[in-house]
Amino acid sequence: MGLFDIFKKKKVDQENQSAEVDQQTTPESAPSESEKQVTDADQNQPAEKSANVAATDQQNQPAKKGTAEGTTGSTATEASESATADNDEAEPESAEVVAEDNDGDQAVATGHNQDQGQKQDQNEDQHQDEQSNQEVYDRGLKQSRNGFAERFNRFLANFRSVDENFFEELEDTLIGADLGFDLAIQISNQVHEAVKVQNIKDKDQIRSLIIEQMVAQYEAQGQNEDQSMHFAPAGQPTVILFVGVNGVGKTTTVGKLASTYKKEGKKVLLAAADTFRAGAVKQLQEWGNRADVPVVAGPEKADPASVVYTAVERAKEEHYDVLFVDTAGRLQNNVNLMQELSKINRVVKKVLPDAPQEVLLVLDATTGQNALQQAKLFQDSSDVTGIVLTKMDGTAKGGIVFAIRDSLHLPVKWIGFGEKATDLRVFSAEDFVYGMFKDLV
Ligand SMILES: Nc1nc2c(ncn2[C@@H]2O[C@H](COP(=O)(O)OP(=O)(O)O)[C@@H](O)[C@H]2O)c(=O)[nH]1
Ligand SMILES: [Mg+2]
């Protein structure tokens, strides 16, 4: 079944279930207005949703959901990659690095009410754990969905006939929605073709056709993308590097994933290789405390590669399952940054020739087309295996997901919808497409 068919089925399923729930809720059994308020508040649902709809969402998961959520535990390996260690590289000064372990020394006194705050965090996390992917996507894509719908409806409101003007306006609409120029033209051409073949004149048909073509193009472009996370064979540590410019959400993402994988029962180690910025190490240590995983850090301004070396050795000796490496992202000097990243890469390979299994490029969705420029820079000089797209909750630029696939051909593996650990989700094209367009078709 194609992506657009899945989309339509989801829509029908949800409408049917909503209708069923409505029928069951007879006026006599409906809760009084005050009761209802209590329930809504308890469940802490987003304002736009009634408790009924939320319940429906949870039952309404496609069978494939199990696979999507199990991705973190996926066992695909990269045995075939014959990594050649760079032997002429001098041994890093690992002896000077202090390995800092957070085990045990929780909650450095950073303020009052720490315990209470943590408890509250845990409760919220637990609540959000229980939220389905679809709920989190629906909430996180609200701005993008509304933004696109508004743009699209404005375009259709002007609709008279399918003429040259129509296609120009369609292209403008798609470019305005951050899909990028090339993709906008492609979609417009496809729509042109389909309108002719199917002899479509009616506005509602046009509406549906355009969304269908957007989804179809998106699907076609992603045929060769490998979206799964790759892990080392059992018994060996998996190393995952996080790269990207300052402020995109690398450290936050490392922290969130540490928590996610730890909950899955993996033995997780973090390396604080952003030694450039004061505070960066501490920020990662706070995430380490929260997730209860140790963090390897060096002295201030330590050589990042030496911190990484210590961490990889430790991961190997102490049989960690995964090591996440948080790196610096200063962009004032691209050449240095890229050299630093390739040095880190070499150091990792010296200890574990098949690692890193993943190099995840973190991009901030709110920066739109700018994020694509950054991606090209990193793609040229490091072996990026996938993208983490953050801050989707704070932007209407959801269309960037289409542009990323079209122009970078890198899989989006994770998507961030907020600052909590449970706001980072495995990327699901189905949930994404549904979250973007559900109001339009
Ligand atoms: N709203 C929102 N904020 C995020 C998300 N991911 C990261 N952030 C915030 O972005 C800011 C920068 O993140 P940080 O991890 O320090 O970026 P880094 O410089 O790349 O390590 C922090 O305030 C994070 O809380 C997200 O998915 N949604
Ligand atoms: Mg950081």
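Residues numbered from 1 in each chain as written. Chains lettered and ligands numbered in written order. Predicted model: local features only at pLDDT ≥ 70, side-chain atom pairs only at ≥ 80, totals over all residues.

By the naming in an unreviewed UniProt entry, the chain goes by Signal recognition particle receptor FtsY and is assigned to Fructobacillus tropaeoli. Turning to the chain, the UniProt annotation filed under Sequence similarities (unreviewed entry) states: "Belongs to the GTP-binding SRP family. FtsY subfamily." (UniProt positions renumbered as here; feature names shortened; annotations may be inferred.)

Participant: Please clarify how the overall build of the chain should be interpreted in this entry.
Facilitator: The number of helices and strands found in the chain is 17 helices and 8 strands. Going through the 441 residues of the chain one by one, you find that 41% of them count as buried. Expressed as a percentage of contacts within the chain between residues at least 6 apart in sequence, the contacts between residues at least 24 apart total 80%. (Helix = DSSP H or I, 4+ residues; strand = E, 2+ residues; numbered from the N terminus. Buried ≥ 20, exposed ≤ 12 C-beta atoms within 10 Å, placed from the backbone. Contact = placed C-beta atoms within 7 Å.)

Participant: Got a minute to help me understand helix H6 (residues 133-140) in this structure?
Facilitator: Helical geometry note: an α-helix holds 3.6 residues per turn, so side chains three or four residues apart project in the same direction. Burial of H6 is extensive: 7 of the 8 residues sit out of reach of the surface. Among the residues of H6, Asn-133, Gln-134, Glu-135, Val-136, Tyr-137, Asp-138 and Gly-140 are the ones counted as buried.

Participant: Just checking my understanding: could you explain the nonpolar core for this structure?
Facilitator: One broad rule of soluble globular proteins: the nonpolar side chains tend to lie buried together. Formed by 102 residues in total, the largest nonpolar core has its most connected members in Leu-270, Ala-272, Val-308, Leu-323 and Val-325. A total of 7 residues in this core trace back to one element, the largest contributor, which is helix H13 (residues 304-317). Once residues within four sequence positions are removed from consideration, Leu-270 is found in contact with Val-254, Ala-258, Leu-284, Gly-288, Val-293, Val-295, Val-296, Phe-324 and Asp-326. (Core = buried A, V, L, I, M, F, W, Y, C linked by C-beta atoms within 7 Å.)

Participant: What am I meant to see in the site of ligand 1 here?
Facilitator: Around ligand 1 sit 19 residues, and of these Gly-249, Lys-250, Thr-251, Thr-252 and Gly-416 come closest. Broken down by element, the residue count for the shell around ligand 1 peaks at 3 residues, all from helix H11 (residues 250-263). Among the residues forming the shell around ligand 1, the class breakdown is 3 nonpolar, 11 polar and 5 charged. (Near = placed C-beta within 6 Å. Nonpolar A, V, L, I, M, F, W, Y, C, P; charged D, E, K, R; others polar.)

Participant: Looking at this model, I keep getting lost on the environment of Lys-250. Mind explaining?
Facilitator: By the element assignment, Lys-250 lies in helix H11. You can call Lys-250 buried: it has 28 C-beta atoms within 10 Å. Residues Lys-250 and Val-325, 75 residues apart in the sequence, show an inter-C-alpha distance of 9.6 Å. Not counting chain neighbours up to four residues away, the residues in contact with Lys-250 comprise Phe-242, Gly-244, Asp-326, Thr-327, Gly-329 and Val-362.

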